[in-house]
Amino acid sequence: PTIAGPAKEDICYATTNRQEAVKAMAPDCDAILVVGAPNSSNSRRLVEFGARAGCAYAQLVQRATDIDWRALDGIATLGVTAGASAPEVLIDEVVDAFRARYDVTVKPVVTAEEHVEFKVPRALREPA
């Protein structure tokens, strides 16, 4: 009973930035797809953020083959985001799947600029 949860500031910057972007784009989207794994809490949370922010349909997909095309029939504006650990190649795969079916215009939603760099560990930088 005395356990205290982490403060909101403990959410990583990438997750926080994605949540803000989803909140910004959701009211203008007919649907939102979140690229991420079903066991990723930040990806599942992005789906919740989209729904709470006014998007009628928000869905988690791991990759393009998971897209429920019938559920997206008739939409005009789709938002695509991804969990913090989703590889860029899977995001590109989802966008490319839409390009193969529709005339797509990509409009980035930027709510924060990320300039964080992580150095490769010395053991991986130096030759053996």
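(A) Examining the state of the cysteines more closely. For the structure shown, the criterion picks out zero disulfides. Lacking any disulfide linkage, Cys29 is separated from the closest cysteine sulfur, that of Cys55, by 5.7 Å. What makes Cys29 buried here is its relative accessible area of 9%. A relative accessible area of 4% places Cys55 in the buried class.

(B) Local environment of the packing of aromatic side chains. Taken as a whole and judged by the stated rule, the model has three aromatic pairs. Seen in terms of ring centroids, Trp69 and Phe98 are 4.7 Å apart; in terms of plane orientation they differ by 55°. Their pairing is tilted. Of this pair, Trp69 sits in the loop between β2 (58-61) and β3 (78-82) while Phe98 is found in helix α3 (residues 88-101), placing the two residues 29 residues apart along the sequence. Where Trp69 meets Tyr102, the ring centres are 6.4 Å apart and the plane angle is 40°; that geometry is what we call tilted. Highlighted residues: Trp69 in the loop between β2 and β3 and Tyr102 in the loop between α3 and α4 (122-125), separated in sequence by 33 residues. A cation over a ring is seen here: Arg52 above Phe49, with NZ or CZ 5.4 Å from the ring centre. The cationic tip of Arg101 hangs over the ring face of Trp69; the distance from NZ or CZ to the ring centre is 3.8 Å.

(C) Geometry of the pattern of salt bridges. In total, this model carries five salt bridges according to the counting rule given. As a salt-bridge pair, Glu48 and Arg52 come within 3.4 Å of each other at their nearest N and O atoms. With a gap of four residues between them, Glu48 and Arg52 both fall in helix α2 (residues 41-52), about one helical turn apart. Judged by its relative accessible area of 37%, Glu48 falls in the partly exposed class.

(D) Spotlight on the sheet that holds strand β1 (residues 31-35). Strand order in the open sheet formed by three strands is β2-β1-β3, with parallel pairing between adjacent strands. In this open sheet, the two strands that pair with only one neighbour each are β2 and β3. For this sheet the average axis-to-axis angle between neighbouring strands, irrespective of direction, equals 20°. Across five bridges, β1 lies against β3 in parallel orientation. Directly across from Leu33, in β3, lies its bridge partner Val80. Strand contacts of helix α1 (residues 13-25): β1 and β3, with the helix running at about 175° to β3, the strand carrying the most contacts. Running over the sheet, α3 touches β1, β2 and β3 and is turned about 145° from β1.

(E) Spotlight on the packing of α1 against α2. Two elements in contact, α1 and α2, have axes separated by 9 Å at closest approach and are oriented at 25°. One finds that α1 runs roughly parallel with respect to α2. Crossing geometry of α1 relative to α2 is assigned as right-handed. Contacts between α1 and α2 involve Thr15, Arg18, Gln19, Val22 and Lys23 on the former and, on the latter, Asn42, Arg45, Leu46, Phe49 and Gly50. The class makeup of the residues in the contact of α1 with α2 is three nonpolar, four polar and three charged.

Conventions and cut-offs
- Residues numbered from 1 in each chain as written.
- Predicted model: local features only at pLDDT ≥ 70, side-chain atom pairs only at ≥ 80, totals over all residues.
- Heavy atoms only, no water.
- Disulfide = S-S within 2.5 Å.
- Buried < 20%, exposed > 50% of the residue type's maximum accessible area, 1.4 Å probe, protein only.
- Phe/Tyr/Trp six-rings, centres within 6.5 Å; stacked < 30°, edge-to-face > 60°.
- Helix = DSSP H or I, 4+ residues; strand = E, 2+ residues; numbered from the N terminus.
- Lys NZ or Arg CZ within 6 Å of the ring centre and 35° of its normal.
- Salt bridge = Lys/Arg side-chain N within 4 Å of Asp/Glu carboxyl O.
- Pairing = 2+ DSSP bridges.
- Axes fitted to C-alpha atoms, helices over the stretch in contact; angles between N-to-C directions.
- Contact = heavy atoms within 4.5 Å.
- Parallel < 35°, antiparallel > 145°, perpendicular 65-115°, else oblique.
- Left-handed = near helix turned anticlockwise from the far one by under 90°.
- Nonpolar A, V, L, I, M, F, W, Y, C, P; charged D, E, K, R; others polar.

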